[in-house]
Amino acid sequence: MAGHRIFSTSFASIYPLYVTKVERKGHTREEVDTVIRWLTGYDDTGLAEVVADGSDMETFFARAPRMNPDASLITGVICGLRVEDVEDPLMQQIRWMDKLVDEVARGKKMTSILRGSGTASV
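Basis of the calculations
- Residues numbered from 1 in each chain as written.
- Predicted model: local features only at pLDDT ≥ 70, side-chain atom pairs only at ≥ 80, totals over all residues.
- Heavy atoms only, no water.
- Buried < 20%, exposed > 50% of the residue type's maximum accessible area, 1.4 Å probe, protein only.
- Helix = DSSP H or I, 4+ residues; strand = E, 2+ residues; numbered from the N terminus.
- Arc of directions from axis to C-beta.
- Contact = heavy atoms within 4.5 Å.
- Expected span 1.5 Å × (residues − 1).
- Core = buried A, V, L, I, M, F, W, Y, C linked by side-chain atoms within 4.5 Å.

(A) Here's a closer look at helix α3 (residues 44-53). Residues of α3 that are buried: Gly46, Leu47 and Val50. Angularly, the buried residues of α3 cover 100° about the axis, an arc narrow enough to put them on a single face. Looking at the buried residues of α3, the elements they touch are α1 (11-24), α2 (29-40) and α4 (57-62). In the segment just after α3, Gly54 is the residue with positive phi, at about 75°.

(B) Local environment of α2. Helix length check: α2 (12 residues) gives 16 Å between terminal C-alpha atoms against 16 Å at 1.5 Å per residue, within 8%. Counting buried positions along α2 yields nine of 12 residues, so the element is predominantly enclosed. Among the residues of α2, Val32, Asp33, Thr34, Val35, Ile36, Arg37, Trp38, Leu39 and Thr40 are the ones counted as buried. Elements that come into contact with the buried residues of α2 comprise α1, α3, α4, α5 (89-105) and α6 (110-113).

(C) Region of interest: the side chain of Gln93. Relative to the helices and strands, Gln93 is located in helix α5. Those residues within four positions of Gln93 in sequence are excluded, and the remaining contacts are Leu39, Phe61 and Met67.

(D) How the structure looks around the nonpolar core. Counting residues in each nonpolar core, the largest one holds 35 residues, and the members touching the most others are Phe11, Ile36, Leu39, Phe60, Phe61, Ile74 and Met97. Those elements giving two or more residues to this core turn out to be α1, α2, α3, α4 and α5. Residue contributions to this core peak at nine residues, all from α5. Residues contacting Leu39, with those up to four places away along its chain left out, are Phe61, Arg66, Met67, Asn68, Ala71, Ile74, Gln93, Trp96, Met97 and Leu100.

(E) Examining the environment of Lys25 more closely. Position of Lys25 relative to the elements: it lies in the loop between α1 and α2. For Lys25, a relative accessible area of 56% corresponds to the exposed category.

Here it is as structure tokens:
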């Protein structure tokens with residue numbers, strides 16, 4: 001899927017959609033931030049910076065301080081595709097993030113969402 005338009009979409013345009021999605025279901029921005037920090041290694045300051053500077057999704061993931069080694073444990077279907085079967089590494093990272101946010105919205109326990117680690121720190 002090289003060159004997919006989502007790659008050039010700004011993280012700042014997607015992030016509020018994630019927040020709105022979980023808030024509609026009674027969850028919080030902090031929960032979204034927690035799963036994004038867990039996945040990417042960004043801290044609160046780093047997240048704020050990528051939102052403010054308009055980084056696209058490709059840059060967002062390229063600059064991620066540390067992708068969580070347990071990210072490969074994220075499985076399931078998102079947008080009709082099994083996330084573990086997505087071949088393009090960047091698209092898979094995007095789908096992992098989508099899946100984590102969906103799990104927050106569905107009310108799954110944070111320890112389960114974070115694949116048993118229980119915290120956002122890595």
